[in-house]
Amino acid sequence: MIEPFFLLACKDKSVRVRAEPLVVVPFNDGETIGHLKWAQIVNCSSNPHSMCGCEGVDGSRVMAGGVLSHPDFPVTVAKHLELKVLLLDGASPLLGGSQLEFHIHHAKEPARVSKILSVLDPKTGKVTKKSPRCLTAKQSAVIEVILHETVCVVEFSSCKALGRVSLRSLRRTIAVGLVTTIIEDEN
């Protein structure tokens, strides 16, 4: 039997991809929902996103914020994260306990700043102040955020597309950042 494969255009190279089983995370009930039908990488160097078609996928099981993943290696879901953020110009001060809207890839979730761990020097990235009371515009910092529900997330060092975040308040983006650590809750 011949395994199905698909060609991916990647600069001057072509890559074969086998049909792979898929699950949707975080809506995974342990059941394989389909197989990769076709895939295409648009531009490998500047665009980390690829397009793929799936066979046998029920549209009601794929929702915003879900990630298609291999059943043996599902993407991490979490609700407690450590972020390295940069507050944007004109942002209101950010305090511990602030209620925000957390955006990551296609997911949007209510969140709360649980701790402001440190302020970072913008040029060197080294800690300049530990446990500040608040953050103001143009400051870089490390903060902990607790989300209302779990989202699919990966540390930025492992996957850039699933590790970038933005924090919004009152319909304005107040900070952008990276996921540095996924904090495991004891419960």
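Chemist: How should I be thinking about the nonpolar core in this particular structure?
Modeler: Proteins that are soluble and globular tend to have nonpolar side chains buried together. In terms of nonpolar packing, the biggest core is built from 28 residues, with Leu81, Leu83, Phe102, Ile143 and Leu167 touching the most fellow members. Listing elements by their share of this core, those giving two or more residues are strand E7 (77–87), strand E9 (99–104), strand E10 (107–120), strand E13 (140–152), strand E14 (164–169) and strand E15 (172–182). Val25, Val67, Cys152 and Leu162 belong to the second-largest nonpolar core, a separate cluster that totals 6 residues.

Chemist: Would you mind showing me how to read unusual backbone geometry here?
Modeler: Apart from glycine, the bulk of residues carry a negative phi angle, and the bulk of peptide bonds sit in the trans form. For Ser131, which is not a glycine, the phi torsion comes out positive at approximately 50°. Residue placement: Ser131 occurs in the loop between strand E11 (127–130) and strand E12 (134–135). You can call Ser131 exposed: its relative accessible area is 56%.

Chemist: What is the right way to look at the side chain of Ser118 in this model?
Modeler: Here Ser118 is to be found in strand E10. Ser118 has contacts with Val127, Lys129, Lys130, Ser131, Pro132, Ser140, Ala141 and Val142, leaving out every residue within four places of it along the chain.

Chemist: Would you explain the environment of Ile174 in this entry?
Modeler: Relative to the helices and strands, Ile174 resides in strand E15. On the accessibility criterion, Ile174 (5% relative accessible area) is buried. Separated by 85 residues in sequence, Ile174 and Asp89 place their C-alpha atoms 7.9 Å apart. When neighbours within four sequence positions are excluded, Ile174 is seen to be in contact with Leu86, Leu87, Leu88, Ala91, Leu94, Leu100, Leu167, Arg168 and Ser169.

Analysis parameters
- Residues numbered from 1 in each chain as written.
- Predicted model: local features only at pLDDT ≥ 70, side-chain atom pairs only at ≥ 80, totals over all residues.
- Heavy atoms only, no water.
- Core = buried A, V, L, I, M, F, W, Y, C linked by side-chain atoms within 4.5 Å.
- Buried < 20%, exposed > 50% of the residue type's maximum accessible area, 1.4 Å probe, protein only.
- Helix = DSSP H or I, 4+ residues; strand = E, 2+ residues; numbered from the N terminus.
- Contact = heavy atoms within 4.5 Å.

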